[in-house]
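# Observations on the model geometry
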Amino acid sequence: MARLVVLGGGVSGHTAATFAAEWLGSAHEVVVVTPNAKWNWIPSNIWVGVGQMTKEEVTFDLAPVYAKAGIKYHQAKALGIHPEGNETSDKPYVVIESTEAGKAGQIENIEYDYLINATGPKLNFAATPGLGDANGLGEFTVSVCTADHAVHANEELHKCIEKMKKGERQKFLIGTGHGMCTCQGAAFEYIFNIEHELNKAGVRDMADIKWISNESFLGDFGVGGLHMKAMGFAVSSKIFAESLFAERDVDWIIGAHVNKVEKGKVHYELLDGSMGEEEFDFSMLIPPFAGVGLKAINKAGEDITATIFAPNGFMKVDANYAAGAYENWKASDWPSTYQNPTYGNMFACGIAFAPPHPISKPMSSPNGTPINPTPPRTGMPSGIMGKAVAHSVCDRILIGPDAPLHEASMAHMGAACVASAGKGLFTGTAAAMTIYPVVPDFEKYPGTGRDTEYTFGEIGLAGHWIKHILHHLFIWKAKLKPGWTLIPE
Amino acid sequence: MSKYGEKNIRAYGNNFTTMTPGPVAKFLRTNLIFQAIRFIIINIKMLVVVSKSH
């Protein structure tokens, strides 16, 4: 019997674990280690953050789902990986610390034959003074990164709405809380959902809404923007994004590294090196992401973390980490099998793998401060790579250790993305987009880097319907209800 | 005729060089018949990209 251990139970880890359990059957063991008791459909946190969904609607308990799938579940966080075992055994293992009520803090070693690292990110609030600390979100801003954060954000939002109803003008500042953030899309959705809700509450004219982000242009979204076919033109996402901001009367600050947050005020540095301040009554700023801080130890007890992980804490895989300057970047720099180059039985997928470099062109201020989005590895690509990695591991267990690995390069896959701009069965809108490929390939698609036959976008009610259907579809899939394997990632 | 988006343009401000939707574009965004058709078309387009990505 072989044992696969999956670290993380988010989109990528859950996909990998559930498909592996399905394909391996009861002859082999799948173990999931995740510190969370609940699974969260994160894209719908936006709607929790404006009071249009409850926490219960976007989460469910993991334990019964894993019990049904025959997956052994540890509610715990991984502390370290020992890929060579220790002085008494050659069997590799991970060290975990329980987060389960009644067992919190208990340490346990779990041996593995194959390991999939899909831990997702650490929300690095501590990177920006005032945004938060090592323990999480601070007191000055809100977040929609977790369901609990979104519940808190909604409470604060409604305090502002009550003030506006009493005639007190409010300033909203939404965006990214550091120069190296990703997930601009979540902030984009949140700012327009807030605008939509303020309209519904009849207080839009009492609100000043402003965007602040590390993108060098609106519509970058961490993928260097995209060109979409519209009206016979290949139109930049910059035009579409600016159009929506203008239409909804939302001003913006871009190319900004938020370097300090105080009560009611952010301090920022722009790409031109100038410094600025912006006041707010309500602010949701996405934190930068980092690896979760896993340690790696070899058989001799030596720390080999720097061998296994990149400096940002994400696990190295089959990517080209020596690409150098932007001019040298190629689509082939991006990993395809997600296998760790040092230990062939370790893989990393989703946000947990170390990308070779950003997708957006790297930029910095004259002061040397890097200000550019880091690459997104969430949503559909995250699920696809989780499934591919699970397939590789299952083949190696069932066929043999030399079975070929499955590939899922972000440079060869597309993504469908639906960004909500307001919820409502007949009044809602969302930007429905596809992008192909996610990582631009300027050799294959000169100019835009992408195939404009398969890269498109439009905003409307249909997009909202799709986002709402996807909410129910993916929760159905994640709960392993009938037909779940037929629903694509 | 509604000038829904145009009224927010500020001369030589951030949003001076972008486009804004006219009343027809705005109407079609939430028109049930038009959006039902777009729903089908968008789903087909997304399924094509999904199938190319697996």
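Structure: see above.
What this report covers is the structure whose coordinates are included nearby. (Residues numbered from 1 in each chain as written. Chains lettered and ligands numbered in written order. Predicted model: local features only at pLDDT ≥ 70, side-chain atom pairs only at ≥ 80, totals over all residues. Heavy atoms only, no water.)

### Side note on the overall build of chain A
Condition: Going along the chain from the N terminus, every DSSP run of H or I of four or more residues is numbered as a helix, and every run of E of two or more is numbered as a strand. A radius of gyration in this sense is built from C-alpha atoms; the matching globule rule multiplies 2.2 Å by the number of residues raised to 0.38. Three exposure classes are used, based on accessible area relative to the maximum for each residue type with a 1.4 Å probe and protein chains only: buried under 20%, partly exposed in between, and exposed over 50%.
A tally of regular secondary structure across chain A gives 10 helices and 26 strands. Scaling as 2.2 N^0.38, a compact globule of 489 residues should have a C-alpha radius of gyration of about 23 Å, and chain A matches this with 22 Å. If one aligns the C-alpha atoms of chain A with their principal axes, the spans along those axes are about 70 × 55 × 45 Å. When burial is assessed residue by residue, chain A has 60% of its 489 residues classed as buried.

### Brief notes about the pairing of strand E5 (residues 72-82) of chain A
Residue and element names in this part refer to chain A. The following threshold applies: Note on pairing: DSSP must find at least two bridges between two strands before they are called paired.
The pairing of strand E2 (residues 29-34) with E5 spans 4 bridges and is parallel. Directly across from Thr 34, in E5, lies its bridge partner Gln 75. For E5 and strand E6 (residues 93-98), the ladder comprises 6 bridges, and the chain directions are antiparallel. In the sheet register, His 82 faces E6, and the bridge partner there is Tyr 93.

### Topic: the sheet that holds strand E16 (residues 251-253) of chain A
Residues and elements named next belong to chain A. Put simply, the rule reads: In this analysis an axis means a line fitted to C-alpha atoms, helices contributing only their contacting stretch, and an angle means the value between N-to-C directions, from 0 to 180 degrees. The criterion used for residue contact is that any of the two residues' heavy atoms lie within 4.5 Å.
Spatially, 4 strands are ordered E16-E13-E12-E20 in an open sheet, and the strand pairing comes out parallel. Edge positions in the sheet fall to E16 and strand E20 (282-286), since each has one partner strand and no second. For this sheet, the mean inter-axis angle between neighbouring strands, taken without regard to orientation, is 15°. Both strand E12 (residues 170-176) and strand E13 (residues 207-212) contribute to a ladder of 6 bridges, which runs parallel. Note on E13: the bridge partner recorded for Lys 171 is Asp 208. Strands in contact with helix H6 (residues 184-200) are E12, E13 and E20; relative to E13, the strand with the most contacts, it is inclined by about 175°.

### Quick notes on the interface of chain B and chain A
Where we set the bar: A simple way to read buried area is as the amount of 1.4 Å-probe accessible surface that goes missing from two parts once joined, with both sides added. Salt bridge, as used here: a side-chain nitrogen of Lys or Arg that lies within 4 Å of a carboxyl oxygen of Asp or Glu. Throughout this description, a polar contact denotes any pair of N or O atoms lying within 3.5 Å of each other; where both atoms belong to protein, one of them has to be capable of donating a hydrogen while the other can accept it, and for residues adjacent in sequence the pair is counted only when both atoms sit in side chains. When residues are sorted by character, Ala, Val, Leu, Ile, Met, Phe, Trp, Tyr, Cys and Pro go into the nonpolar class, Asp, Glu, Lys and Arg into the charged class, and all the rest, Gly among them, into the polar class.
Each side of the interface is counted separately: chain B has 30 residues, and chain A has 40 residues. If you sort the residues of chain B by the area they bury against chain A, Met19(B), Arg29(B) and Met46(B) come out on top, with a joint share of 19%. Seen at the junction of chain B and chain A, the total is 4 salt bridges. Salt-bridge contacts for Glu458(A) lead to Arg38(B); the nearest nitrogen and oxygen are separated by 2.4 Å. For the pair chain B and chain A, the interface holds 16 residue pairs in polar contact (both at pLDDT 80 or more). Top element by residues in the side of chain B that touches chain A is helix H2 (residues 32-53) of chain B. It accounts for 14 residues. Looking at side-chain class alone, the side of chain B that touches chain A contains 12 nonpolar, 12 polar and 6 charged residues.

### What about the side chain of Thr337(A)?
Mapping Thr337(A) onto the fold places it in the loop between helix H8 (305-308) and strand E23 (346-348). For Thr337(A), the residues in contact, after removing those within four places along its chain, are Asp318(A), Phe347(A), Val389(A), Leu405(A), His406(A) and Glu407(A).

### Points about the environment of Val151(A)
Residues and elements named next belong to chain A. By the element assignment, Val 151 lies in helix H5 (residues 147-165). Overall, the relative accessible area of 27% leaves Val 151 in the partly exposed class. When neighbours within four sequence positions are excluded, Val 151 is seen to be in contact with Val 48 and Lys 55.

### As for unusual backbone geometry
All names here are of chain A. Along the chain, Tyr 436 connects to Pro 437 via a cis peptide bond; the corresponding omega equals -10°. Structurally, Pro 437 is set in the loop between strand E25 (430-435) and strand E26 (456-460). Phi is positive for Phe 221, close to 55°, though the residue is something other than glycine. Looking at the secondary structure, you find Phe 221 in the loop between E13 and strand E14 (227-230). Residue class for Phe 221 comes out buried when judged on its relative accessible area of 18%.

### Focus on the packing of helix H10 (residues 461-478) of chain A against H2(B)
This is how it is decided: Angle categories: roughly parallel below 35 degrees, roughly antiparallel above 145, roughly perpendicular from 65 to 115, and oblique for all the rest. Working rule for handedness: look at the near helix, and if it is turned counterclockwise from the far one by less than a right angle, call the crossing left-handed; if clockwise, right-handed.
One can describe the packing of H10(A) onto H2(B) by two numbers: an axis separation of 8 Å at closest approach and a directional angle of 55°. When the axes of H10(A) and H2(B) are compared, the pair comes out oblique. Crossing geometry of H10(A) relative to H2(B) is assigned as right-handed. Between H10(A) and H2(B), the contacting residues are Leu461(A), Ala462(A), Trp465(A), Ile466(A) and Ile469(A) on the first element and Leu32(B), Gln35(B), Ala36(B), Arg38(B), Phe39(B), Ile42(B), Asn43(B) and Met46(B) on the second. Taken together, the residues of the contact of H10(A) with H2(B) break down into 10 nonpolar, 2 polar and 1 charged.

### Quick word on the packing of aromatic side chains
All names here are of chain A. For the record, the criterion: Pairing of aromatic rings covers Phe, Tyr and Trp, the last through its six-membered ring, and needs centres within 6.5 Å; plane angles under 30 degrees mean stacked, over 60 mean edge-to-face, and all others mean tilted. Remark: a charge is flagged as sitting over a ring if the NZ atom of Lys or the CZ atom of Arg is within 6 Å of the ring centre and within 35 degrees of the ring normal.
Overall, the coordinates contain 19 aromatic pairs over all chains when judged by the stated rule. Measuring from ring centre to ring centre gives 6.4 Å for Tyr 190 and Phe 282, while their planes differ by 35°; the resulting arrangement is tilted. Of this pair, Tyr 190 sits in helix H6 while Phe 282 sits in strand E20, and the two are 92 residues apart along the sequence. Accessibility assignment for this pair places Tyr 190 and Phe 282 in one class, buried. The interplanar angle of 85° and the centroid separation of 5.8 Å between the aromatic rings of Phe 245 and Trp 252 together place this pair among those described as edge-to-face. Exposure class is identical for Phe 245 and Trp 252. Each is buried. One aromatic cluster is present, built from ring pairs that chain together Phe 188, Phe 192, Trp 211, Phe 221, Phe 245 and Trp 252. One residue, Arg 377, lies across the ring of Phe 353, its end atom 5.8 Å from the ring centre. Between Lys 467 and the ring centre of Trp 47, over which it is positioned, the NZ or CZ distance is 5.6 Å.

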